[in-house]
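Observations on the three-dimensional arrangement
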Amino acid sequence: MSASSPSLAERLGHGPDAKLLIVNCDDLGSSASANRATEAAMAAGLATSATLMVPCPWALDAVKRSVPGGIGVHLTLTCEYPGYRWRALTGAASLHDDEGYMPATAQAVWDKADLDEVRAECRAQIDQAYAWGVDDTHLDAHMGTMQIDPRYFAILLEMGRAYDLPVRMWG
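Every residue gets a number counted from 1 within its own chain, in the order that chain's sequence is written. Local features in a predicted model are, by the rule used here, given only for residues with pLDDT of at least 70; side-chain atom pairs are given and counted only at 80 or more, and totals for whole chains, interfaces and linings are based on all residues. Side-chain figures throughout are based on the complete set of non-hydrogen atoms in the structure, without hydrogens or water.

Attention now goes to the overall build of the protein chain. Each helix and strand counted, the protein chain has seven helices and four strands in total. Starting at the N terminus, helices and strands are each numbered in turn, a helix being any DSSP run of H or I of at least four residues and a strand any DSSP run of E of at least two. The order of helices and strands in the protein chain, counted from the N terminus, is α-β-α-β-α-β-α-α-β-α-α. Within these notes, the globule rule equals 2.2 Å times the number of residues to the 0.38 power, and the radius of gyration is based on C-alpha atoms. In terms of overall size, the protein chain behaves like a compact globule, its C-alpha atoms giving a radius of gyration of 16 Å where 171 residues would be expected to give roughly 16 Å. A 1.4 Å probe rolled over the protein chains alone gives each residue an accessible area, and that area as a share of the maximum for its type sets the label: buried under 20%, exposed over 50%, partly exposed in between. The proportion of buried residues among the 171 residues of the protein chain is 44%. Intrachain contacts of the protein chain at a sequence separation of at least 6 include 63% that bridge at least 24 residues. Reported accessibility uses the Shrake-Rupley method at a 1.4 Å probe radius. Residues are deemed covered only where the shown protein chains occlude them. Only carbon and sulfur atoms are counted for the fraction: they give 56% of the accessible area of the protein chain, which is about 8,700 Å². For the charge count, each Lys or Arg is scored as positive and each Asp or Glu as negative, with His and the chain ends excluded. Where a charge lies is defined by one atom per residue type: Lys uses NZ, Arg uses CZ, Asp uses CG and Glu uses CD. Mean positive and mean negative side-chain charge positions of the protein chain (13 and 22 charges, respectively) differ by 2 Å. Any two residues whose heavy atoms approach within 4.5 Å are treated as being in contact.

Here it is as structure tokens:
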């Protein structure tokens, strides 16, 4: 890296040759127990990052806990728990199953979702996180929905560029 372009490690406050391990707590906001576990792991220094599932019922609780460390938005287009469901923020028809909740699988999203409605939902989730005061550090996606299918991956990268946020890659 040139002097005018610091390495990622340097931008994060470390030396130019530092090796970094980012331990991320997935699914922050999905449940009260996920929130407590994430808060404890980050406070103990076991994890350094978390990703917030904005449409979930416990998302605002997670934000109010002021979990230490970096919080990204875990773009959520699916809801895989049979007895515990949530809906898209935008109410878009193509992002809901026959029962009115987000689909249970990534494949169901890929088969039915309108890409413009996906874009609008992603923006709504990111904007809501900012409105709640989250200093969003990155983007990723729940269940790989945005990382595996090229159409959705293009939208994930589009959101990263639009909000000037790094994107966490799949697997």
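The structure having been displayed, the exposition proceeds.
Here the focus is the pattern of salt bridges. Whenever a carboxyl oxygen of Asp or Glu lies within 4 Å of a side-chain nitrogen of Lys or Arg, that contact is scored as a salt bridge. Summed over the entire model, instances satisfying the criterion amount to nine salt bridges. Between aspartate 97 and arginine 85 there is a salt bridge, and its shortest N-O distance comes to 2.7 Å. In this pair, aspartate 97 sits in the loop between strand 3 (70-75) and helix 4 (106-112) while arginine 85 sits in the loop between strand 3 and helix 4, placing the two residues 12 residues apart along the sequence. Exposure remark for arginine 85: the relative accessible area of 17% places this residue in the buried category. We note a salt bridge from glutamate 99 to arginine 85, for which the minimum N-O separation is 3.2 Å. In this pair, glutamate 99 is assigned in the loop between strand 3 and helix 4 and arginine 85 in the loop between strand 3 and helix 4, connecting sequence segments 14 residues apart. For glutamate 99, a relative accessible area of 58% translates into the label exposed. Through salt bridges with shared partners, a single network forms among Asp26, Asp140 and Arg168.

Of the two site types, the cavity is a set of points on a 1 Å grid over the protein atoms alone where a 1.4 Å probe fits but cannot get out, and the pocket is an open set with protein on both sides within 12 Å along at least five of seven lines, each lined by residues with an atom within 4 Å of a point. Grid points are joined across faces, edges and corners, and a volume is the space filled by probe spheres set on the points. Counted as a void, the largest pocket has a volume near 570 Å³. What lines the largest pocket is a set of 17 residues, and nearest its centre among them are Leu12, Ile22, Thr137, His138 and Pro166. Residues belonging to the lining of the largest pocket are distributed by class as follows: seven nonpolar, eight polar and two charged. The classification used treats Ala, Val, Leu, Ile, Met, Phe, Trp, Tyr, Cys and Pro as nonpolar, Asp, Glu, Lys and Arg as charged, and all other residues, Gly among them, as polar.

Strand pairing follows a simple DSSP-based rule, namely that at least 2 bridges must link the two strands. A sheet is described by the order of its strands in space; here four strands give the open sequence 1-2-3-4, paired in parallel fashion. With one partner strand each, in any of the chains shown, strand 1 (24-28) and strand 4 (136-141) form the two edges of the open sheet. On average, adjacent strands in this sheet sit at an angle of 30 degrees to one another, irrespective of strand direction. Only C-alpha atoms enter the line fits that serve as axes; for helices the fit covers just the stretch in contact. Angles between N-to-C directions range over 0 to 180 degrees.

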